[in-house]
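One-letter residues, chain by chain:
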Amino acid sequence: MRFSRPTQRSVLIAIALIPAAAIVGLLLIPVWVSIRADTDAGAVFSLRAYRALFSDPFSYRTLFNTAIFCSIATLTALSFGVPAAWIVERTTLPRKGLVFTFMTAGLLIPGFLSAMGWVFLLHPRIGLVNAAIGMVVPEWRINIASPVGMGFVQGLGLAPLAFIMTAATFRSANPELEEAAAVHGIAGVRAFLRVTLPLAWPGILAAAIYIVTIGLAAFEVPAVIGLSNRVFTFSTYIYTQVHPNEGAPRYDLAAAFGVFVMALAGSLSWLYFRVLRHGHRFAVVTGRSYRPRQTELGRGGVFFAWMFLSVYLFIGQLLPLLTLVWSSLLRYFQLPSAAAFANLSLVNYRGLPWPHLIDGLKNTAFLMAAVSTFVLALSLAISWIVVRSKARGRFVLDAVAFLPHAVPGIIFALSAAYVALFVLRDFVPIYGTVFLLLAVYVLERTSFGTRMLNNALAQIHPELEEAGQVMGIALFRRLARILVPLLAPAFLNGWLWIALLTYRELTIASLLVTPDNVTLPMVIWGLWQSGSFTRAAAGAAMGLVFMLPFVAAYWYFGRRLAPEGLKA
Amino acid sequence: MIRVAKLSKTYRGASGAVHALREVDLDVARGEFFVLLGPSGSGKTTLLRSVAGLERPDGGEIEVGGHAAFSSERKLFVPAEERGVGMVFQSYAIWPHLTVFENVALPLTQGKKRLARERVRQRVADALKLVGMEEYAARPAPLLSGGQQQRVALARALAIDPEVLLMDEPLSNLDARLREEVRVKIKAVARELRVTVLYVTHDQVEAMTLADRIAVMADGRILQAGAPDELYRRPASPRVAEFFGAINWLRGEARGGVVETEIGALRLAVDGAAPGRIVVGVRPEDVKLSAARAEADNVLVGEVRSAVFTGGEFLYDIEVNGKLLLARAMSDREALKGTVFVHLPSARMALFREDPS
């Protein structure tokens, strides 16, 4: 039987409502868990968890660490990202297309791998750089295992995001405003400080808020560097409450902290949109495509610009990964020297738990394919309703789909773990299966999928679809025959991007992975946590190798990145 | 073939409510070429899209091809894909990922009535032939010019063999010369297939040349509907009259068969017009100029203030008793100069009662 349009439309709406309901549910669960306690007399509801949380100095230390970590990360990301964006968009630097290539590549480097590299470089005892410093000033050490150190590493990883976000701002700057300044005698540094920078300010501020939100939720760097040294930030705090070294898991404390941070992250997102809107009112971004004024760089300028960019590319991207590969070839960690070179071996690679690694790789491969596909299918349903239909409440649907973006991933993982363990346990035994990971990854990435498809759909003239509709083609056939082919480039781009983000995902996995549904990043992190650092480095190097074909495919198919709505 | 009754539609936005349609009634007969004419925001496109099923009106009724398509009373809304009409869009909406052939074929293979492959091929070939695009069947859509896209859009709409063809400003994206060519083609095809056409435009020349009947719309209402010459010669209101080009307005007081206007007394074609304030409208081509006094009623003396040569004709500004009248005359003779006689034939005057307000 053939469906008439209202029926097909309702089917589509139902498809879109499933993830939306799940997202709302997962976000409400921490609230519920944080106020509920089991006693002999049954369940009671109280604010006990919050009282416990806020009377514990450890919570305040964690908050303080998170604040320092976040600020340093944002500062670092902006100090590399914003000048790089200015250089690329507003100067005559030759061959600057390369910078874009390297910066987007930087977005794909898994944060926990870089973090491992940095431990090898700056560990108080074994760190390469610290050893070098120790030869000069014996008592001097740089401690990477501190909020400042971790913030710096996180910031290097977020610099590409700062770059891409502010590059858009510099690109859309109206050159007439600067020309007006020049005509009226304001030029050089003064024009930059009085005109260029204030005009770019909303864009930079928005990028800063966005990066703070990501820093707040960051798990990988604090997990790799901080956990073993007992330096906690928000996400690792939640992790340890659920996976404590001793005693029972404290879901109530984790949930209470989660609710607190959710409120914080929510306000930040609200602020982000406010700043963006303010920026639009500023009329800097007009949608008209300008050819922005480009500052002429002399020979010295070109030299300094490339110096600056190379320093970032080297320490931000290459150095930690090179260190990682170097370490993987050593029995125990040592400085590069003739003796060390003579000792290079593949013993760490031979010692890898290969069956386990292969299991992880299989699960990760399955997740990459399945998550990308499901996210795009659900996002198409949601975006179509938001952009195309006139359904009431579509803006609420859009906002709900955006929520996973604003809320730290560890909170999703916490809720999902709780639901799978205590609610679904008996009738849907999903805990410990790869399908639990699939479901949570999909919900988390739907925010990215819908941002991307909202933009892509808005570019497609509605009459293309209406033409099919008037001439008798029903909704699902229109989607399949008209919209999907037209959206193919966006789909391919998005599919690869989501697959790559899934490949490197560690945050959600940390709370949901058991020996039965292990993923590749979890195998590597597990090696790291067990203390066999050089073997973990070998696993990490393998991780980089497995990733290469996808990165190559990504470069081949979709050079154009969708930076809006990324969550690194 | 298309019947619309008491149709209303209100858009509610942040800046308040917009009444796009206010109780519109419309009747289009089988085989008729019907044009909705009006400025942007007059509701003509909303009306067309409501007939197509792309908009859901708030109230009223729509019948297409003898079948109820919308009724607020019966809570009936037949979705667009069930109405079986053909439509040509302003943007043409040619699917860019398909070839010309595939564009025309898609509604036949994926639509309401799905045909066998051989029938599809035949139908597409016929439709493309009808618009003179049969040689372009294999061409990818992005390689078509605007005029070619326009013709493919027409072929696609006709291929499903609709009883009703809807066209939304189909010529507005073409340049002037091409527009005339495609206009002739549309008219010829519509006549040949005897399809009922509902056509939206804001261009009165387009409307006049294409339409069997025109409905002039403004502010969500139909001001007047009728044959082109009827609307031109006997507009129901000054607003409709102004829509069809320049017109001279003379205010005056009617007394019996005569109206005392600001330029003098004019005899009317009808005797015994009710006394009161009226407005007389005279088209520039109905202002007859001559160097010698004509033997007729309503001949006044005027001065030529300016004469502009526009090619086929002269446009004159004539001052008559202190008021400037616009006149249009063939340019086959020398331009008139100085004092002229101005003849206003009473049969060509449009009379309107001046609003008491």
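Source: prediction; values computed, not measured.

Trainee: Tell me about the overall build of chain A, residues and numbers included.
Mentor: Within chain A, the regular secondary structure consists of 25 helices and two strands. Taking 24 Å as the expected radius of gyration for a compact globule of 568 residues, we find that chain A reaches 25 Å, a close match to that expectation. A principal-axis box enclosing the C-alpha atoms of chain A has dimensions of 80 × 80 × 45 Å. Look at the contacts in chain A between residues 6 or more apart in sequence, and 80% of them connect residues 24 or more apart.

Trainee: Describe in detail the overall build of chain B, supporting the description with residues and values.
Mentor: Helix and strand counts for chain B stand at nine helices and 21 strands. Referenced to the eigenvectors of the C-alpha coordinate spread, the extents of chain B come out at roughly 75 × 50 × 40 Å. Buried residues in chain B amount to 39% of all 357 residues. Restricting the contact set of chain B to residue pairs at least 6 apart, pairs at least 24 apart contribute 64%.

Trainee: Could you give me a rundown of the confidence of the model for chain B, with the residues and numbers involved?
Mentor: On average, residues of chain B score 89 in pLDDT, and 98% of them reach the 70 mark or higher. The complex prediction reports pTM at 0.84, with the ipTM value standing at 0.83.

Trainee: Account for the domain arrangement of chain B, naming residues and giving values.
Mentor: All names here are of chain B. Domain parsing of chain B yields domain 1 (2–243) and domain 2 (248–353). Inter-centroid distance (C-alpha atoms) of domain 1 to domain 2 is 40 Å. Residue-level contacts link five residues of domain 1 with four residues of domain 2. In the side of domain 1 that touches domain 2, the residues fall into three nonpolar, one polar and one charged.

Trainee: Could you give an account of helix H13 (residues 299–328) of chain A, naming the residues involved and the relevant values?
Mentor: All names here are of chain A. Taking 1.5 Å of rise per residue, the 30 residues of H13 would be expected to cover 44 Å, and the 41 Å separating its terminal C-alpha atoms lies within 8% of that figure. Helix geometry: H13 is bent most strongly at Leu318, by close to 45°, with proline Pro320 lying one to four residues after it. If you check which residues of H13 are buried, you get Ala305, Leu309, Tyr312, Leu313, Gly316, Gln317, Pro320, Thr323, Leu324, Trp326, Ser327 and Ser328.

Trainee: Talk me through the sheet that holds strand E19 (residues 323–330) of chain B; I want residue IDs and the actual numbers.
Mentor: Residue and element names in this part refer to chain B. If you walk across this open sheet you meet the five strands as E16-E20-E17-E18-E19, and the pairing is antiparallel. Unpaired on one side and paired on the other, strand E16 (288–290) and E19 mark the two borders of the sheet. The mean inter-strand angle of the sheet, taken between neighbouring strand axes irrespective of direction, is 45°. Direction of pairing for strand E18 (residues 313–320) relative to E19: antiparallel, over a ladder of eight bridges. Across the sheet, the residue bridging to Asp317 is Leu326, located in E19.

Trainee: Give me the sheet that holds strand E4 (residues 59–64) of chain B: which residues, what numbers.
Mentor: Pairing is antiparallel across the open sheet formed by five strands, whose spatial order is E2-E1-E4-E5-E6 (chain B). Looking at strand neighbours, the two that pair on one side only are strand E2 (16–28) and strand E6 (76–77) of chain B, the edges of this open sheet.

Trainee: Go over the nonpolar core, please, and point to the residues and values.
Mentor: By size, the foremost hydrophobic cluster in this structure holds 281 residues, and its most contacted members are Met116(A), Ala162(A), Leu414(A), Val440(A), Leu512(A) and Leu198(B). In terms of residues, this core owes the most to one element, helix H16 (residues 354–388) of chain A, which gives 14 residues. Look past the residues within four positions of Ala162(A) in its chain and what remains in contact with it is Ala77(A), Leu78(A), Gly81(A), Val82(A), Ala207(A) and Ile211(A).

Trainee: Describe the domain arrangement of chain A, listing the residues and the values that go with them.
Mentor: Residues and elements named next belong to chain A. According to the domain assignment, chain A contains domain 1 (1–33 + 363–514) and domain 2 (47–342). Of note, the centres of domain 1 and domain 2, computed from C-alpha atoms alone, are 28 Å apart. Each partner contributes residues to the interface: domain 1 has 19 residues there, and domain 2 has 24 residues. Every element with two or more residues in the side of domain 1 that touches domain 2 is listed here: helix H1 (5–35), helix H18 (409–423) and helix H23 (507–512). Looking at the side of domain 1 that touches domain 2, the element that brings in the most residues is H18, giving six residues. Taken together, the residues that form the side of domain 1 that touches domain 2 break down as 15 nonpolar, three polar and one charged.

Trainee: Describe in detail the interface of chain A and chain B, supporting the description with residues and values.
Mentor: Each partner contributes to the interface: chain A provides 19 residues, whereas chain B provides 21 residues. If you tally residues by element for the side of chain A that touches chain B, the top one is helix H20 (residues 462–470) of chain A, at six residues. Its residues placed into classes, the side of chain A that touches chain B shows 10 nonpolar, four polar and five charged.

Trainee: I'd like to hear about unusual backbone geometry, residue by residue, with values.
Mentor: Trans is the common state for peptide bonds, and a negative phi is the common state for residues other than glycine. Residue and element names in this part refer to chain B. One non-glycine residue, Lys6, adopts positive backbone phi at about 45°. Residue placement: Lys6 occurs in strand E1 (residues 2–13). Under the C-beta neighbour-count criterion, Lys6 is labelled partly exposed, with 15 such atoms within 10 Å. Unusually for a residue other than glycine, Tyr92 sits at a positive phi of about 70°. Inspection of the secondary structure puts Tyr92 in the loop between strand E7 (86–88) and helix H3 (100–110). Residue Tyr92 is classed as buried on the basis of its C-beta count, with 25 C-beta atoms lying within 10 Å.

Trainee: An account of the confidence of the model for chain A is needed here, citing residue identities and associated values.
Mentor: All names here are of chain A. Averaged over all residues, the pLDDT of chain A is 85; the fraction at 70 or higher stands at 94%. At the low end of the mean pLDDT range in chain A sits helix H8 (residues 175–183), at 73; at the high end sits H16, at 94. Segment residues 1–5 is flagged for pLDDT under 50; beyond a separation of four residues in sequence, or across chains, it makes eight contacts in the model. Between residues 561–568, whose pLDDT stays under 50, and residues either more than four places distant or in other chains, the model counts 25 contacts.

What counts, and at which threshold
- Along each chain, numbering runs from 1 in the same order as the chain's sequence is written.
- Throughout, the order in which chains and ligands are written sets their labels, letters from A for the former and numbers from 1 for the latter.
- Predicted model: local features are reported for residues with pLDDT of at least 70 only, side-chain atom pairs are reported and counted for 80 or more only, and whole-chain, interface and lining totals are derived from all residues.
- Secondary structure elements follow DSSP: runs of H or I of four or more residues count as helices, runs of E of two or more count as strands, with numbering from the N terminus.
- We take the radius of gyration over the C-alpha atoms and set the globule estimate at 2.2 Å times the residue count to the 0.38 power.
- Whether two residues are in contact is decided by their C-beta atoms, placed from the backbone, lying within 7 Å.
- Buried, partly exposed and exposed are defined by the number of other C-beta atoms within 10 Å of a residue's own C-beta, namely 20 or more, between the two limits, and 12 or fewer respectively, with C-beta atoms placed from the backbone.
- pLDDT measures how confident the predictor is about each residue, on a scale from 0 to 100.
- Domains are outlined according to an automatic or database domain assignment.
- Here the term charged refers only to Asp, Glu, Lys and Arg, the term nonpolar to Ala, Val, Leu, Ile, Met, Phe, Trp, Tyr, Cys and Pro, and the term polar to all other amino acids, Gly among them.
- Expected helix span is taken as 1.5 Å per residue step, with the number of steps being one fewer than the number of residues.
- One fitted axis covers the seven residues ending at a residue, a second covers the seven starting there, and the bend at that residue is the angle between these axes.
- The pairing criterion for strands is at least two bridges between them, as found by DSSP.
- Orientation is described by axes fitted as lines to C-alpha atoms, over the contacting stretch for helices, and by angles from 0 to 180 degrees between their N-to-C directions.
- Working definition: the nonpolar core is a set of buried Ala, Val, Leu, Ile, Met, Phe, Trp, Tyr and Cys residues, joined through C-beta atoms within 7 Å.

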